[in-house]
Amino acid sequence: MLSKRPVILTGFIGCLLISLSACANSTNSEALERSLAADPKLKDNPAAFGLPSQNNSPNETLVALPSDFPSEIPVYPEAQLQEVTPSTSDPNQGQTLRWTTSDPSNSVQTFYQKAFQSNNWEVLSQPTETTETEEGAVPPTDILVARQNSLKVTVSIQSGSGSNSFISTPSPTPAAAANSPASSAASTTQFTIQYVRDGSAAAPSSSNSEVASQPTTEATTDKPGSPAQPSVFTDINKAPQELRQYVENLAALGVLSLNSGGSKSNSAAGEQFEPNKTITRRQYARWLVAANNQIYSNSPGKQIRLASTDVQPAFQDIPRSDPDFPAIQGLAEAGLIPSRLTGDATAVLFRPDAPLTRENLILWKVPLDTRQTLPTASVDAVKQTWGFQDAGKAEPKALRAVLADFQNGELANIRRVFGYTTLFQPKKPVTRAEAAAAVWYFGAEGEGVSAQDALQSQRQQSQPSAVSTPEPSPSSSPNP
């Protein structure tokens, strides 16, 4: 039986060849050829072989995230990066990233508003809604600007109606539509994220922005105690009238640095001081040291020494690499703010970017006025002196500073900053203008020195004809 198999196979092949030859010129041959030919669609559909398609799915990101993209900037989930454009002014300072997502624009806006608020960003500008005017409807502006330390981020979202709202995906051809997912025909929202360091780029202009009447020439400084250099603040006129002169004096003295480490962020056209914005704990600590050291520039014994980066950090969240480490650590080393160095086991974190509260403003400042141990205080004692109805809401340590501040009469910080009030509101955030008013004057009543006194002393010393310059005379009034 095995010996017959080759014969049978040879006979079968022969019959097949005869059949193919017989129908070579018939219509059946064409049908047979088509059935055995390769499918031309396979070259355009490599997915049939389990290979990745050249026409990527809409969720594939083709542009890589920059290596220096700050990790603190939130990224919208599932958003696809489309383009990265370096800053035209300084490519090393920031870039603009264009993203797309299939989610609606209001979802993107809500995400970034919540993300900035929950992570202690300072929101500088919020999106606006459509407004009606006599000339018609004014379209909304979906621009969100936020700052954290020296990092400034602008999120611009295309919203509204028509071409400004979404970027429409081109309609697929009928052949492609049969094989593409339904979402490919949907619209995608486009938004950009622009980030810069040290405030080197200003926020986008808005039609609702106020224009300052006259730019005010001020000064800034590289670090506390260094010579002031000219700069421009264009919005000091937005500060409350009763606090405006304090801001102007301190800015001219060169202590109101807006950036960590005292780096310069202002341009020739000026910068925004934003006097009514909430000040952070790190900013106030920086101003407190700078103002004290500039006002007492002729009294080294009253200056606060900046800390060396070789010492052990007093706070876990203020490492030696932090640009404000010398000032904040210096305050801790001097025992002017609660820390582990003062025996406060709970003060392990400084929380530099948290809002400064009223009770902390007074607690840190008053010891630089009295230059002695704070008195023992009680809620009843504060109520009897200041008449504060909410004295019980303040921390016990802050109550001691509040009571000591009362003893400074008309030059008390609370009177100068907040005016007459029967509510202290110890947990209320402090504005930049209010913080400036607090550090405008140092010392006890009749013996202290103001920023205005220090400026007059500097002018007298700079006059060539001056033979001798007396020390600044004590101020007798809180008004400049």
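Computed from a predicted model, the values in this text were never measured in an experiment.

Our focus in this paragraph is the overall build of the protein. For the protein, the helix and strand inventory stands at 13 helices and 12 strands. Per-residue burial for the protein yields a buried fraction of 40% across its 480 residues. The contacts of the protein with a sequence gap of at least 6 include a subset with a gap of at least 24, amounting to 65%. Taken as a whole, the protein presents about 26,100 Å² of accessible surface, with 52% of it coming from carbon and sulfur.

Across the sheet, which stays open at both edges, the six strands sit in the order β1-β2-β8-β7-β6-β3 with antiparallel pairing between neighbours. Each of the sheet's edge strands pairs with one partner strand only, and the pair in question is β1 (80–86) and β3 (122–125). Sheet twist, expressed as the mean angle between neighbouring strand axes with direction ignored, is 20 degrees. With three bridges connecting them, β3 and strand β6 (residues 143–148) associate as antiparallel partners. Across the sheet, residue V123 finds its bridge partner in β6, namely A146. Against the sheet, helix α3 (residues 105–118) touches β2 (94–101), β3, β6, β7 (151–157) and β8 (189–197), its axis set at about 160 degrees to β7.

This part takes up the pattern of salt bridges. Following the criterion strictly, the structure yields 11 salt bridges and no others. D324 serves as the salt-bridge partner of R282, at 2.9 Å between the closest nitrogen and oxygen. Of this pair, R282 sits in helix α6 (residues 281–295) while D324 sits in the loop between α6 and α7 (325–333), and the two are 42 residues apart along the sequence. Each of the two residues, R282 as well as D324, counts as buried. In this structure, the salt-bridge partner of K365 is D369, at a minimum N-O distance of 2.8 Å.

Looking at chain direction, β2 and β8 are connected through eight bridges and run antiparallel. Paired with T100 across the two strands is Q190, which belongs to β8. Where β7 and β8 come together, seven bridges link them in antiparallel fashion. Note that in β8 the partner of K152 across the bridge is V196.

To continue, consider the confidence of the model for the protein. Averaged over all residues, the pLDDT of the protein is 75; the fraction at 70 or higher stands at 64%. Contacts of residues 199–231 to residues separated by more than four positions or lying in other chains number 74 contacts, the stretch itself having pLDDT below 50. Confidence drops under pLDDT 50 across residues 264–269; counting only partners more than four residues distant or on other chains, this segment forms 16 contacts.

What follows concerns the packing of helix α8 (residues 358–370) against helix α10 (residues 396–406). At their nearest, the axes of α8 and α10 sit 8 Å apart, and the two run at 50 degrees to each other. Taken together, the axes of α8 and α10 are oblique relative to one another. The way α8 lies across α10 gives a crossing that is left-handed. Touching E359, I362, L363, V366 and T370 of α8 are K397, A398, A401, V402, A404 and D405, all from α10.

With that settled, the discussion passes to the packing of aromatic side chains. Counted by the stated rule, this structure contains 18 aromatic pairs. Ring centres of W99 and F191 lie 6.3 Å apart, and the angle between their planes is 5 degrees; on these two criteria the pair is classed as stacked. Of the two residues, W99 is situated in strand β2 and F191 in strand β8; the sequence distance between them amounts to 92 residues. According to the relative accessible area criterion, F191 is buried, its value standing at 1%. Linked through ring pairs, Y76, W99, F111, Y112, F116, W121 and F191 together constitute an aromatic cluster. The ring of F350 has R281 lying over it, and the distance from NZ or CZ to the ring centre is 4.9 Å.

Moving on to the packing of α6 against α8. Contact pair α6 / α8: the axes reach a minimum separation of 11 Å and the direction vectors enclose 15 degrees. In this view, α6 runs roughly parallel relative to α8, as classed from their interaxial angle. In this structure, α6 meets α8 at a crossing whose hand is right-handed. Contacts from R281, Y284, A285, L288 and N292 in α6 reach N360, L361, W364, K365 and L368 in α8. A class-by-class count of the residues in the contact of α6 with α8 yields six nonpolar, two polar and two charged.

This part takes up the environment of T376. Mapped onto the elements, T376 comes out in the loop between α8 and α9 (379–385). A relative accessible area of 74% places T376 in the exposed class.

A word on the environment of Q329. Following the sequence through the fold, Q329 ends up in helix α7. Separated by 18 residues in sequence, Q329 and V311 place their C-alpha atoms 8.9 Å apart. Apart from residues no more than four positions distant in its own chain, Q329 is found in contact with A307, V311, Q312, P313, A314 and L341. A distance of 2.9 Å separates a polar side-chain atom of Q329 from the backbone nitrogen of A314.

Turning to its location among the elements, T431 is positioned in the loop between α11 (413–418) and α12 (432–438). If sequence neighbours within four positions are ignored, T431 has contacts with P275, N276, K277, T278 and I279.

Let us now look at unusual backbone geometry. Even without glycine at this site, E274 takes up a positive phi of about 55 degrees. One can find E274 in the loop between α5 (241–253) and α6. Phi is positive for R351, which is not a glycine, with a value near 55 degrees. Along the chain, the position of R351 falls in the loop between α7 and α8.

What follows concerns α8. Its 13 residues place the ends of α8 18 Å apart at the C-alpha level, agreeing with the 18 Å of an ideal helix rising 1.5 Å per residue. Along α8, the positions that sit buried rather than exposed are R358, E359, N360, L361, I362, L363, W364, K365, V366, P367, L368 and D369. Where α8 terminates, the next one or two residues include R371, which has phi positive at roughly 55 degrees.

What counts as what
- Residues numbered from 1 in each chain as written.
- Predicted model: local features only at pLDDT ≥ 70, side-chain atom pairs only at ≥ 80, totals over all residues.
- Heavy atoms only, no water.
- Helix = DSSP H or I, 4+ residues; strand = E, 2+ residues; numbered from the N terminus.
- Buried < 20%, exposed > 50% of the residue type's maximum accessible area, 1.4 Å probe, protein only.
- Contact = heavy atoms within 4.5 Å.
- Areas by Shrake-Rupley, 256 points an atom, 1.4 Å probe, with all protein chains shown as cover.
- Pairing = 2+ DSSP bridges.
- Axes fitted to C-alpha atoms, helices over the stretch in contact; angles between N-to-C directions.
- Salt bridge = Lys/Arg side-chain N within 4 Å of Asp/Glu carboxyl O.
- pLDDT = per-residue confidence, 0-100.
- Parallel < 35°, antiparallel > 145°, perpendicular 65-115°, else oblique.
- Left-handed = near helix turned anticlockwise from the far one by under 90°.
- Phe/Tyr/Trp six-rings, centres within 6.5 Å; stacked < 30°, edge-to-face > 60°.
- Lys NZ or Arg CZ within 6 Å of the ring centre and 35° of its normal.
- Nonpolar A, V, L, I, M, F, W, Y, C, P; charged D, E, K, R; others polar.
- Polar contact = N/O pair within 3.5 Å; in protein donor to acceptor, adjacent residues only side chain to side chain.
- Expected span 1.5 Å × (residues − 1).

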